[in-house]
Amino acid sequence: MTKKMIDMHGIAAPKGQTFLDPEVVEMMKRLATGQTDEALNDRFGISYNTWRKLVAGRAVRHSLAQRLTERVAVIAASC
(Lines give C-alpha, C1' and ligand atoms only; values in the text may rest on other atoms or scores of the structure.)
Protein backbone atom coordinates (compact mmCIF):
# COMPACT_ATOMS: atom_id res chain seq x y z
CA MET A 1 0.00 0.00 0.00
CA THR A 2 1.33 3.43 -0.98
CA LYS A 3 1.33 6.23 1.57
CA LYS A 4 -0.55 9.30 0.26
CA MET A 5 0.65 12.80 1.04
CA ILE A 6 -1.99 14.64 3.06
CA ASP A 7 -2.10 18.41 3.57
CA MET A 8 -3.05 20.13 6.82
CA HIS A 9 -6.73 20.02 5.80
CA GLY A 10 -6.71 16.25 5.28
CA ILE A 11 -6.66 16.49 1.47
CA ALA A 12 -4.61 13.88 -0.38
CA ALA A 13 -2.16 15.01 -3.07
CA PRO A 14 -2.77 13.67 -6.57
CA LYS A 15 -0.53 10.83 -7.73
CA GLY A 16 3.02 12.03 -8.45
CA GLN A 17 2.50 15.22 -6.46
CA THR A 18 3.23 16.34 -2.94
CA PHE A 19 2.81 19.34 -0.68
CA LEU A 20 5.84 21.54 -0.04
CA ASP A 21 6.68 21.92 3.64
CA PRO A 22 4.95 25.13 4.85
CA GLU A 23 8.20 26.19 6.55
CA VAL A 24 9.95 26.12 3.16
CA VAL A 25 7.17 28.24 1.65
CA GLU A 26 7.49 30.77 4.50
CA MET A 27 11.26 30.89 3.96
CA MET A 28 10.67 31.45 0.24
CA LYS A 29 8.40 34.39 1.06
CA ARG A 30 11.19 35.94 3.13
CA LEU A 31 13.85 35.26 0.49
CA ALA A 32 11.83 36.35 -2.57
CA THR A 33 13.21 39.40 -4.35
CA GLY A 34 9.88 40.02 -6.10
CA GLN A 35 6.68 38.29 -7.14
CA THR A 36 6.99 38.63 -10.89
CA ASP A 37 7.67 35.76 -13.29
CA GLU A 38 11.17 37.12 -13.87
CA ALA A 39 12.06 37.61 -10.19
CA LEU A 40 10.69 34.22 -9.14
CA ASN A 41 12.42 32.46 -12.02
CA ASP A 42 15.75 34.14 -11.26
CA ARG A 43 15.57 33.38 -7.55
CA PHE A 44 13.87 29.98 -7.34
CA GLY A 45 13.49 28.73 -10.92
CA ILE A 46 9.69 28.77 -10.76
CA SER A 47 6.88 30.62 -12.52
CA TYR A 48 4.38 32.98 -10.96
CA ASN A 49 1.70 30.27 -11.40
CA THR A 50 3.80 27.81 -9.39
CA TRP A 51 4.38 30.50 -6.76
CA ARG A 52 0.61 30.96 -6.43
CA LYS A 53 0.15 27.20 -5.97
CA LEU A 54 2.79 27.08 -3.25
CA VAL A 55 1.43 30.10 -1.37
CA ALA A 56 -2.08 28.59 -1.55
CA GLY A 57 -0.79 25.29 -0.14
CA ARG A 58 -1.62 23.30 -3.26
CA ALA A 59 0.25 20.18 -4.34
CA VAL A 60 3.11 20.34 -6.85
CA ARG A 61 5.20 17.69 -8.61
CA HIS A 62 7.37 15.73 -6.19
CA SER A 63 10.51 16.55 -8.22
CA LEU A 64 9.73 20.28 -8.03
CA ALA A 65 9.20 20.16 -4.27
CA GLN A 66 12.51 18.35 -3.81
CA ARG A 67 14.41 20.77 -6.07
CA LEU A 68 12.89 23.82 -4.37
CA THR A 69 13.64 22.52 -0.88
CA GLU A 70 17.29 22.06 -1.85
CA ARG A 71 17.50 25.43 -3.63
CA VAL A 72 15.91 27.36 -0.77
CA ALA A 73 18.36 25.75 1.68
CA VAL A 74 21.31 26.89 -0.47
CA ILE A 75 19.91 30.42 -0.83
CA ALA A 76 19.20 30.69 2.91
CA ALA A 77 22.69 29.47 3.78
CA SER A 78 24.26 32.15 1.55
CA CYS A 79 22.32 35.02 3.14
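Parameters at a glance
- Residues numbered from 1 in each chain as written.
- Predicted model: local features only at pLDDT ≥ 70, side-chain atom pairs only at ≥ 80, totals over all residues.
- Heavy atoms only, no water.
- Salt bridge = Lys/Arg side-chain N within 4 Å of Asp/Glu carboxyl O.
- Helix = DSSP H or I, 4+ residues; strand = E, 2+ residues; numbered from the N terminus.
- Buried < 20%, exposed > 50% of the residue type's maximum accessible area, 1.4 Å probe, protein only.
- Patch = residues over 30% accessible without salt bridge, like charges linked within 9 Å, V, L, I, M, F, W, Y side chains within 5 Å.
- Areas by Shrake-Rupley, 256 points an atom, 1.4 Å probe, with all protein chains shown as cover.
- Lys, Arg positive; Asp, Glu negative; His and termini not counted.
- Charge placed at Lys NZ, Arg CZ, Asp CG, Glu CD.
- Phe/Tyr/Trp six-rings, centres within 6.5 Å; stacked < 30°, edge-to-face > 60°.
- Core = buried A, V, L, I, M, F, W, Y, C linked by side-chain atoms within 4.5 Å.
- Contact = heavy atoms within 4.5 Å.

### Quick notes on the pattern of salt bridges
For step 1, the next point in the chain: Tallying each qualifying case throughout the model produces 1 salt bridge.
For step 2, the next point in the chain: Between glutamate 26 and lysine 29 there is a salt bridge, with its nearest N and O atoms 3.1 Å apart. Of this pair, glutamate 26 and lysine 29 both sit in helix H1 (residues 22–31), separated by 3 residues, roughly a single helical turn.
For step 3, the next point in the chain: Assessed through its relative accessible area of 39%, glutamate 26 is described here as partly exposed.
For step 4, the next point in the chain: Take lysine 29: its relative accessible area is 36%, and that puts it in the partly exposed class.

### Describing a positive patch on the surface
For step 1, the next point in the chain: On the surface, a cluster of positive charge is contributed by Lys53, Arg58, Arg61, Arg67 and Arg71.
For step 2, the next point in the chain: Along the chain, arginine 58 falls in the loop between helix H3 (48–55) and strand E2 (60–61).

### Observations concerning the packing of aromatic side chains
Within a pair of aromatic rings, the relevant descriptors are the distance that separates the centres and the angle that separates the planes.
For step 1, the next point in the chain: The full count for this structure, using the stated rule, is 1 aromatic pair.
For step 2, the next point in the chain: With a centroid separation of 6.3 Å and 10 degrees between ring planes, the pair formed by phenylalanine 44 and tryptophan 51 is classed as stacked. Each member of the pair, phenylalanine 44 as well as tryptophan 51, is classed as buried.

### As for the nonpolar core
For step 1, the next point in the chain: Formed by 16 residues in total, the largest nonpolar core has its most connected members in Leu20, Met28, Phe44, Ile46, Leu54 and Leu68.
For step 2, the next point in the chain: Only H1, helix H2 (37–44), H3 and helix H4 (62–78) provide two or more residues apiece to this core.
For step 3, the next point in the chain: Examining the composition of this core, we find that 5 residues originate from one element, H4, more than from any other.
For step 4, the next point in the chain: Sequence-distant contacts of leucine 54, defined by excluding residues within four places in its chain, comprise Leu20, Val25, Met28, Ile46, Val60 and Leu68.

Treat this as a map of the structure, not an account of what it does.
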